[in-house]
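Each chain, letter by letter, is given below.
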Number of protein chains: 2
Amino acid sequence: MSKQIVIIGSGHVATQLGLALHHNGHRIQQVYSRQLPHATALANLLDAEPVDQLQKLTEKADFYFICVTDQAIPTVIEHLPKQLKGIVAHTSGSTDMAVFPKEIYRYGVFYPVQTFNKSKAISFETIPLAIEAGDPETTLALKSLAQTLSQQVFDCDSTQRLSIHIAAVFACNFTNHLYVIAQRILQDQQLDFELIHPLIQETTQKALTNNPLDMQTGPAVREDYSIISKQQHFLTANQSVDPKIAELYDLLTELIIKSKKRP
Amino acid sequence: MSKQIVIIGSGHVATQLGLALHHNGHRIQQVYSRQLPHATALANLLDAEPVDQLQKLTEKADFYFICVTDQAIPTVIEHLPKQLKGIVAHTSGSTDMAVFPKEIYRYGVFYPVQTFNKSKAISFETIPLAIEAGDPETTLALKSLAQTLSQQVFDCDSTQRLSIHIAAVFACNFTNHLYVIAQRILQDQQLDFELIHPLIQETTQKALTNNPLDMQTGPAVREDYSIISKQQHFLTANQSVDPKIAELYDLLTELIIKSKKRP
């Protein structure tokens, strides 16, 4: 059933969630941003009304999605109109549901486990949606809305959600930074990052179709100390390499060797 | 032109390189392994003769590919027949070309920039092949053989090759271990690693179609210290998380923040 929705925020998550809801037959009534031009830009895409004051939010929507930075969530909640009859949900991985004041309105969390970008459209169909709410009826309402977007909707408490976010930081944010480091090491030797693209693709592919623990390759897991010390020497002897990167090499090497021995 | 080839070794690289040469019309004459059953298993796939003594190698091949562990390369070289007229090449990322004794035979390096697996067939067509040799004529011969397998053949000295291997350790081996850590964090909360598969795919996809430095997301690059300290607390308070993993979190967070500020 088509729902009436308000989007609070105009960033990556607001944009992609708004588009997914809009394209799946829901009606976006309003888009809020502190900066009216930002609200207007997204509202135009969603056929919605732009607003730049929280007090101007309609009281008649079914859902209010808070898609702002984690730091801004408490302030937004504080300034919401008090008479809302719909469900208020934030979309953050690391903000506890306890951020909501109890007994003012129905509340919950609607966390899409994905990384978003304003300009790159993304299908929600395969994005896991983690749902938590203040009461069972609200859980049901959020889940049934979520199911209109994705095939993978699941219950998830605040601790689990935090752990998903941390796992994502390791598997995605930190991984991306390892690509940055690799690129610099290559560039220092006048080599292109593209050289290792096939290797990166193959590694990711293997980790996603197997247990990554069984897919570990490289000098650390083989305990090939002759190569390890050659590579350590290359990193420490090379003045253009940050000493912290050599430290990172040692720490990850140690963790890989240890992971073999863990029962 | 079809070449006569000897494969020394029977592991992942030996198998995949042997298969690629065989399927591209070259003739594998012999496969050497210290253990005859290993030599025989691969030789059967390649329509070749298995041998378990280096002194039994034919003197009449065009190329001898040393595909053994880095530690074993010097021993293999020491025990090769002295009268070889063909080119001897090792396939290692981290072994300097200086491992070859000068003026005994023509020598070089033929390094496929990819991770291999005995059982998973892989097309060499898109694998970059890094070539180095002791003299220009040998370089040419190795490159022209390489071009029968891959569209991406390039000159690469020993230092560059070492840097490719180190970059691969960061971008692939270490990345895989970050997946292992992420999986453990999720499992501790009764969650499946599959939950973050779409996130990992999207992250890799973005890093390979853009400059990874511009694609960095997450609390560190936003300097969102409120989330960073929540996540640090989760890691240090959780007894099932190795303290070294909290250390890794801090180090990578620091490196990401620094990378923003690098001119």
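Residues numbered from 1 in each chain as written. Chains lettered and ligands numbered in written order. Predicted model: local features only at pLDDT ≥ 70, side-chain atom pairs only at ≥ 80, totals over all residues. Heavy atoms only, no water.

A. Up close: the overall build of chain A. Helices and strands together make up the secondary structure of chain A, namely eight helices and eight strands. Oriented by its inertia axes, the alpha-carbon framework of chain A measures out at about 70 × 45 × 30 Å. Counting only residues that meet the buried cut, chain A has 59% of its 263 residues in that class. Pairs at least 24 residues apart make up 55% of the contacts formed inside chain A by residues separated by at least 6 positions. As presented, chain A carries roughly 11200 Å² of accessible surface, and 50% of it is formed by carbon and sulfur atoms. (Helix = DSSP H or I, 4+ residues; strand = E, 2+ residues; numbered from the N terminus. Buried < 20%, exposed > 50% of the residue type's maximum accessible area, 1.4 Å probe, protein only. Contact = heavy atoms within 4.5 Å. Areas by Shrake-Rupley, 256 points an atom, 1.4 Å probe, with all protein chains shown as cover.)

B. Structural detail: the pattern of salt bridges. Under the criterion given, the structure shown has 14 salt bridges over all chains. With its nearest N and O atoms 2.8 Å apart, the salt bridge here joins Lys-143 of chain A to Asp-155 of chain A. With a gap of twelve residues between them, Lys-143 of chain A in helix α4 (residues 136–147) and Asp-155 of chain A in strand β8 (residues 153–155) connect regions that are remote in the sequence. For Lys-143 of chain A, a relative accessible area of 19% puts it in the buried group. What makes Asp-155 of chain A partly exposed here is its relative accessible area of 46%. Two residues, Lys-258 of chain A and Asp-242 of chain B, come together in a salt bridge whose shortest N-O distance is 2.7 Å. (Salt bridge = Lys/Arg side-chain N within 4 Å of Asp/Glu carboxyl O.)

C. Just α4 of chain A, in detail. Residues and elements named next belong to chain A. Here α4 contains twelve residues, and its C-alpha end-to-end distance of 16 Å stays within 8% of the 16 Å for a straight helix at 1.5 Å per residue. When we look at burial in α4, the residues that qualify are Thr-138, Thr-139, Leu-142, Lys-143, Leu-145 and Ala-146. Mapping the buried residues of α4 onto a view down its axis gives an arc of 160°, with all of them on the same face. Of the residues in α4, the exposed ones pointing more than 90 degrees away from the buried face are Pro-136, Glu-137 and Leu-140. By the N-cap criterion, in which a side-chain oxygen at the helix start approaches the backbone nitrogen of a residue two or three places on, α4 is capped by Asp-135, the distance to Glu-137 being 3.2 Å. (Expected span 1.5 Å × (residues − 1). Arc of directions from axis to C-beta. Polar contact = N/O pair within 3.5 Å; in protein donor to acceptor, adjacent residues only side chain to side chain.)

D. Representation of the sheet that holds strand β5 (residues 87–90) of chain A within the structure. Residue and element names in this part refer to chain A. Here we have eight strands laid out as an open sheet, ordered β3-β2-β1-β4-β5-β6-β7-β8, and mixed in their pairing. Each edge of the open sheet carries a strand with a single partner, namely β3 (49–51) and β8. Neighbouring strand axes in the sheet, compared pairwise and without regard to direction, differ in orientation by 25° on average. Direction of pairing for strand β1 (residues 4–8) relative to strand β2 (residues 27–32): parallel, over a ladder of five bridges. In the sheet register, Ile-8 faces β2, and the bridge partner there is Tyr-32. Set on the sheet, helix α2 (residues 36–46) makes contact with β1, β2 and β3; between it and β3 the angle comes to about 165°. Sheet contacts for helix α5 (residues 158–188): β5, β6 (106–112), β7 (129–133) and β8; angle to β6, the most-contacted strand, approximately 25°. (Pairing = 2+ DSSP bridges. Axes fitted to C-alpha atoms, helices over the stretch in contact; angles between N-to-C directions.)

E. Fine view of the packing of aromatic side chains. Under the defined criterion, the tally for this structure stands at 16 aromatic pairs over all chains. For the ring pair Tyr-249 of chain A and Phe-174 of chain B, a centre distance of 5.5 Å and an interplane angle of 65° mean the geometry is edge-to-face. One end of the pair, Tyr-249 of chain A, is in helix α8 (residues 243–261); the other, Phe-174 of chain B, is in helix α5 (residues 158–188), on a second chain. Just as Tyr-249 of chain A is buried, Phe-174 of chain B falls in that class too. Following the ring pairs from residue to residue traces out a cluster consisting of Phe-63, Phe-65 and Phe-110 of chain A. (Phe/Tyr/Trp six-rings, centres within 6.5 Å; stacked < 30°, edge-to-face > 60°.)

F. Structural context of α8 of chain A. The terminal C-alpha atoms of α8 of chain A lie 28 Å apart, and with 19 residues this matches the ideal 27 Å at 1.5 Å per residue to within 8%. All buried positions along α8 of chain A are accounted for by Ile-245, Ala-246, Leu-248, Tyr-249, Leu-251, Leu-252, Thr-253, Leu-255, Ile-256, Ile-257 and Ser-259 of chain A. In this structure, the buried residues of α8 of chain A make contact with α5 and α7 (225–237) of chain A together with α5 and α8 (243–261) of chain B. Of the residues that open α8 of chain A, the one with a side-chain oxygen 2.8 Å from the backbone nitrogen of Lys-244 of chain A is Asp-242 of chain A.

G. Just the relation of the copies chain B and chain A, in detail. With an RMSD of 0.1 Å, chain B superimposes on chain A once it is rotated by 180° and translated 0.0 Å along the axis. The superposition operator between the copies reduces to a two-fold rotation axis. Across chain B, the smallest distance between a C-alpha and the rotation axis is recorded for Thr-175 of chain B, namely 2.7 Å. (Least-squares fit on C-alpha atoms with pLDDT ≥ 70 in both.)

H. Quick look at the state of the cysteines. This structure, assessed with the given rule, holds zero disulfides over all chains. Free of any disulfide, Cys-172 of chain A has its nearest neighbouring cysteine sulfur in Cys-172 of chain B, separated by 15 Å. In this structure Cys-172 of chain A comes out as buried when scored by relative accessible area, which is 4%. (Disulfide = S-S within 2.5 Å.)

I. Main features of the sheet that holds strand β8 (residues 153–155) of chain B. Residue and element names in this part refer to chain B. Strands sit in the order β3-β2-β1-β4-β5-β6-β7-β8 across an open sheet of eight strands; the sheet is mixed. Because the sheet does not close on itself, it has two edges, and the strands there are β3 (49–51) and β8. Strand after strand, the sheet turns through a mean of 25° between neighbouring axes, direction not considered. Strands in contact with helix α4 (residues 136–146) are β1 (4–8), β4 (63–66), β5 (87–90), β6 (106–112), β7 (129–133) and β8; relative to β7, the strand with the most contacts, it is inclined by about 160°. With respect to the sheet, α5 is in contact with β5, β6, β7 and β8, its orientation differing from that of β6 by roughly 25°.

J. Quick peek at the nonpolar core. In this structure, Phe-170 and Ile-196 of chain A together with Phe-170 and Ile-196 of chain B are the most contacted members of the largest nonpolar core, which totals 128 residues. For Phe-170 of chain A, the contacting residues outside a window of four places in its chain are Thr-175 of chain A together with Leu-178, Ile-181, Ile-185, Leu-235, Ile-245, Leu-248 and Tyr-249 of chain B. (Core = buried A, V, L, I, M, F, W, Y, C linked by side-chain atoms within 4.5 Å.)

K. Layout of the interface of chain B and chain A. Of the residues lining the interface, 88 residues belong to chain B; the matching set on chain A comes to 88 residues. Taken over both partners, the interface formed by chain B and chain A buries close to 9000 Å², and the fraction arising from carbon and sulfur atoms is 68%. Where chain B meets chain A, there are four salt bridges. Linking chain B with chain A are 22 residue pairs in polar contact (both at pLDDT 80 or more). Here the side of chain B that touches chain A takes 27 residues from α5 of chain B, the largest share from any one element. Partitioned by chemical class, the residues of the side of chain B that touches chain A number 45 nonpolar, 30 polar and 13 charged. (Buried area = accessible area lost by both parts, 1.4 Å probe. Nonpolar A, V, L, I, M, F, W, Y, C, P; charged D, E, K, R; others polar.)

L. Structural detail: unusual backbone geometry. Residue and element names in this part refer to chain B. We note that Asp-47 has phi near 60°; this positive angle belongs to a residue other than glycine. Looking at where Asp-47 falls in the secondary structure, it is placed in the loop between α2 (36–46) and β3. Taking the relative accessible area as the measure of exposure, Asp-47 reaches 57% and is therefore exposed. The phi dihedral of Glu-223 falls on the positive side, at around 50°, and the residue is not glycine. Classification of Glu-223 as partly exposed rests on a relative accessible area of 21%.

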